[in-house]
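Listed below, chain by chain, are the residues.
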Amino acid sequence: AKRESLALATERESLAAETAPELQRARAIVSEAAQAGAGKTQALEGAESFTKQMSGVEKQLKGDLTGFEARGTQHAGNEDADDQAADDLYRKAIRDLMGKLRNDLDFVKPDTHDPAAGKEDDKEEGQDWYMKRPPLTPGRPSRPGKKHAAPAAPPADDGEEEEGGSAERHELWTDPVTIDCGLVRGVRRGGARIFRGIRYAMAATGARRWADPEDAHSAIEGGVPMAGCFSGTFDASRYGPVCPQAESRGGAISKYETQSEDCLHLNVFAPQVEAEEAAAGMAPLLPVIVFLHGGGNTEGAGSRYDMAQVAERGFIAITLNYRLGALGFLVSDALASGGGPNLGLKDILLALAWVKRNVRGFGGDASRVTLVGHGSGAANAIALSASPRAVQDGEKLFAGVLALSPGPRFGQLRSKAAEAQKVFSANVGCAEEGDHEETCLRALSVGQVLAASPLRSAPWWDATAEGPADENDLPTSGGRRAGLLVIDGDVVTAESWVAMGKRDRALHVPMMLTAMAAEPDARPAHRVHNAAQYAAAVRSRLGSLGSFWTATRGDVSFADEALAQYPVERFSTPQLALEAMVTDVRHVCGMKRIAGMAASSGPEPVFMGVNFLRLSEPVAFLGLSSSGIAAATEENVMRAVAPGHKSTQAFHGLDVMLWMADESRYKLAPVDADKARNLQSAFDAFVRTGSPEGYGQFGPPSEYSFSWKPVKDSPNFDVTDPLNFPVNIDVATIGHEEINMSYNFNDEQCAFWARDAMDRNFAASA
């Protein structure tokens, strides 16, 4: 401890020396501004303010360092002091110090000048010229295929759209990180380092459309190895384009968002000090999160999620794009030279291989990767956990799965998928081309592909279905959505229930599956206000399913039995009764099957929970879905608080919002802020250890930490006939401050939905 105190004293002297040039720079700016004469008054005032700020920061740092040294010396003099506590004290001192240095001493206005943007940008550049400075480290970042541009501080996260770019002022260059394609330089914001838009695969354009993804590092083009890599230092300050998709229900979250088939990029979020220490070998490597966005595999983007807050809790967090819709999941016998179905899943596998090779440079532990998904992204994660492709060269690509609101049904037969998807070729006019059908399909523009896709209208890919397949609504006869994941014998080897029950599957890892208690509440298919409206809504959907026979009552209507299983009196409102019914048939009952099959077929723990957390006040949810969270712009907030658009319940996506804590894209009321902490602690502990039992890196355990038990803890755990009856498993019901375990959670309701395999046929699909 005394040695650490001495080191801090030395550090203080060094920092004082480093601060002096900054003060000289500021004074030089003042002098230059004064000589510029008229028209530079604003610059002069800004420079003087900067000088005062620098002087104040210097004094503050000296005082802080003196305080840290005194605390360290006092701690060292205590013979009974715990060594680990002393080490934590000094690490915190250094972390706080580094944060001040980076966010105060290097406080600059980024240069957003684009020569192609015209005079308006030139005007802005002239106004803020005094805030510019050379790059923080030698070398100039570059984007592939572009000439090196003048060095500039990077732009901020596109999700932050404050007028005049004021939010951008807090993003500064990082030191470069080495990956297998060269050097990448990201940005610093708060306590996180962010690297955006890093290519993990070659652009899926031209001959690569509908083909297996190619590793950018190993691709050879025109006889030149590593053609997908870049020269110089890669500018990782901006997100790449999103993969082509029809307009989302919530619309794009940023005016800067563009679409392109050249979209196979990922984004890395890392804590500043902890990750740098880990990468340098001075501290243990950090656990890694790879997050898969949802959106029905037809929309969404990794860039719509900011995981900086997650990273600051001690993780390397990665988001990514993968091909969607017809470009990522089309099955067509005409595309004989293509890569087959499930191209979106193959993109994810290639990204995971990239993480395996490169995450060490960011401070991450490649052996502790948890695949986290939401919505269809969660279903993709579950499907990959049963895939033989998830093990490469004898090593697991990931070590755990956290699935938030997954669609529990995946894997249709390839022959059926190809038959149903002929509608796509017919829509674009290629079906009549005979032997030239593939040539016709490959000549399509992206716009033509999106416009002709059967994904634009329910029931999506199933050309034989009769009714709409709204998964926020109850099922109807013929309204079964087929889903996009296909049994191809390569990535997906069996449909979901069978795949998860295989004892010889290649990958057995800890799993956690959760659903929200009122999944459709943000976008319900029906608004019901009384018991009569509730009954009418149920009969309008389930009436087409007819009846079933019982030994005691004879023929019973499906609709009447559903109303008996979910009596309106049991719920606070008729709306919640309807949403509980939808949540069970679309999510919970199918998830219980998945969890039971996974737990019975392997030794690793499996956890399941139903989340009853709810907000006290509404959030801007119109842009909120599995495909991303809308920015809390004035327009979105006005829409969110409009009559009929309020959601305070446990709706789809609320758990993601609370876990990521990205309030640049939405705003929680102060009364709701505390509700995030327990959920964060439980999810974070699972990522670190494979169990929700444990401590957070920077805080105490949550109220949930030692209450959430694996599904096999149920005294009635039974998988004697899991394909025909729901298994009895231990399910956590998650409240604001506590978790309660239930070994018979909605067993009677799930047994009802299991009739005629309805919970399998009508479960939400991926």
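Structural notes, computed from the coordinates. (Residues numbered from 1 in each chain as written. Predicted model: local features only at pLDDT ≥ 70, side-chain atom pairs only at ≥ 80, totals over all residues. Heavy atoms only, no water.)

**As for helix α8 (residues 343-358)**
Line of reasoning, step 1. With 16 residues, α8 extends 22 Å from end C-alpha to end C-alpha; this agrees with the ideal 22 Å at 1.5 Å per step.
Line of reasoning, step 2. In terms of burial, α8 is a largely internal element, 14 of the 16 residues being buried. (Helix = DSSP H or I, 4+ residues; strand = E, 2+ residues; numbered from the N terminus. Expected span 1.5 Å × (residues − 1). Buried < 20%, exposed > 50% of the residue type's maximum accessible area, 1.4 Å probe, protein only.)

**Notes on helix α17 (residues 574-601)**
Line of reasoning, step 1. In a regular helix each residue adds 1.5 Å, so 28 residues correspond to 40 Å; α17 covers 39 Å between its end C-alpha atoms and thus fits that length.
Line of reasoning, step 2. Of all the bends in α17, the largest measures some 55° and sits at Asp-584.
Line of reasoning, step 3. Most of α17 is tucked away: 28 of the 28 residues are buried. (Bend = angle between axes of the 7 residues up to and from the residue.)

**Some words on the state of the cysteines**
Line of reasoning, step 1. Enumeration according to the criterion identifies four disulfides in this entry.
Line of reasoning, step 2. The residue that forms a disulfide with Cys-243 is Cys-263, at a sulfur-sulfur distance of 2.1 Å. Given an S-S torsion of about 90°, the disulfide between Cys-243 and Cys-263 has right-handed geometry. In this pair, Cys-243 sits in the loop between β9 (233-235) and β10 (265-271) while Cys-263 sits in the loop between β9 and β10, placing the two residues 20 residues apart along the sequence. In terms of burial, Cys-243 and Cys-263 fall into one category: buried.
Line of reasoning, step 3. Two residues, Cys-430 and Cys-440, share a disulfide whose sulfurs are 2.0 Å apart. Residues Cys-430 and Cys-440 share a disulfide whose torsion about the S-S bond is about -70°; that sign makes it left-handed. Of this pair, Cys-430 sits in the loop between α11 (422-427) and α12 (437-442) while Cys-440 sits in helix α12, placing them 10 residues apart in sequence. Side by side, Cys-430 and Cys-440 carry an identical accessibility label, which is buried. (Disulfide = S-S within 2.5 Å.)

**Notes on the packing of aromatic side chains**
Line of reasoning, step 1. Applying the stated criterion across every chain yields a total of 12 aromatic pairs.
Line of reasoning, step 2. On the numbers, 6.0 Å between centres and 50° between planes, the contact of Phe-558 with Phe-752 is tilted. In this pair, Phe-558 is assigned in helix α16 (residues 558-565) and Phe-752 in helix α22 (residues 747-753), connecting sequence segments 194 residues apart. With respect to class, Phe-558 is no different from Phe-752; both count as buried.
Line of reasoning, step 3. Counting every residue linked through ring pairs, the aromatic cluster contains Phe-548, Phe-558, Tyr-566, Phe-752 and Trp-753.
Line of reasoning, step 4. One cation-aromatic arrangement involves Arg-185 over Trp-173; the distance from NZ or CZ to the ring centre is 5.8 Å. (Phe/Tyr/Trp six-rings, centres within 6.5 Å; stacked < 30°, edge-to-face > 60°. Lys NZ or Arg CZ within 6 Å of the ring centre and 35° of its normal.)

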